[in-house]
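Fold and geometry: a report
Each chain, written out:
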Amino acid sequence: MQPSPDFNPAVAAKKLLREGRSGALATLMPGSGDPYCSLVNVATAADGAPLLLISRLCRAHQEHSLADPRVSLMLDERKAGDPLQGARVMLMGTAAATEDPQARRRYLDRQPEAEMFAGFADFAFYRVTLKAAHLVAGFGRIVDLKPRDVLTETGDAAELLAAEPEILAHMNGDHADALRLYATKLLGAPDGEWRCVGCDPEGLELQLDRTALRLAFPQRVRARGVLRDLLKQMAEEARRAG
């Protein structure tokens, strides 16, 4: 399916991926190869790759992932009403444990309740390397996608990614009013104490409790100065919308 003015499969899949905070994770049982599925909390790396935190005491997923790294993760938009009427994306790939401190930070920014046990020796962070994606976004909107369609290019944005912790602290500490404007005026969300939990070349992630929203940029951003100017323009646009 080709993108149309009202539907872009890659944009729809990226939105689901960045806004997802929990999903269904399927692994393969060693020996029998039978599928095993359970609910997991989810975050994303800077490029959009899913991040998981799994306990080694949860022998099912831990042993399955070590024996066979192939996994499938389903995320849906959690809209009210019949869940089958909502959009969802199935992500297929391989999961591997990671000790990358950025993976830990990004996960805990989105899942702060996990801080109390993330440091326990029996827990490990996992990064999922995508192999394929399958988007179901409504009648006639069923599309197979490649990793490049749903991931974000970050190779040219080292400056922005390095500054992300400072950007989040600055936005949450000094520009909470702008974050609320982005959420309520540009994204149509209820009012509340929205926080910025992520920044990448293509957008911001805003979060209120367990609800996450993706604020897409109108253009790619690779440097902190360009981001500052763009966010100022977007805040002014939000004020005019009010």
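See above for the structure.
Only a predicted model underlies this, so the values are computations on that prediction, with no experimental measurement involved.

Here we take up the layout of surface pockets. The calculated volume of the largest pocket comes to roughly 430 Å³. Lining the largest pocket are 17 residues; nearest its centre among them are Glu19, Asp76, Glu77, Arg78 and Ala212. Only helix H1 (9–19), strand E5 (70–76) and strand E11 (211–216) provide two or more residues apiece to the lining of the largest pocket. With 4 residues, the top contributor of residues to the lining of the largest pocket is H1. A class-by-class count of the residues in the lining of the largest pocket yields 7 nonpolar, 3 polar and 7 charged. Considering only enclosed or pocket space, the second largest pocket measures out at about 360 Å³ in volume. If you trace the second largest pocket, you find 19 residues lining it, with Val11, Lys14, Glu202, Arg214 and Ala216 closest to the centre. Elements that contribute at least two residues to the lining of the second largest pocket include exactly H1, helix H5 (147–150) and E11. The leading source of residues in the lining of the second largest pocket is H1, at 6 residues. Within the lining of the second largest pocket, the residues separate by chemical class into 9 nonpolar, 3 polar and 7 charged.

Conventions used here
Residues numbered from 1 in each chain as written. Predicted model: local features only at pLDDT ≥ 70, side-chain atom pairs only at ≥ 80, totals over all residues. Heavy atoms only, no water. 1 Å grid on protein atoms, 1.4 Å probe; cavity = no way out; pocket = protein on both sides within 12 Å on 5 of 7 lines; lining within 4 Å. Points joined across faces, edges and corners; volume = space filled by probe spheres on them. Helix = DSSP H or I, 4+ residues; strand = E, 2+ residues; numbered from the N terminus. Nonpolar A, V, L, I, M, F, W, Y, C, P; charged D, E, K, R; others polar.

Any functional reading would require information beyond the geometric quantities listed.
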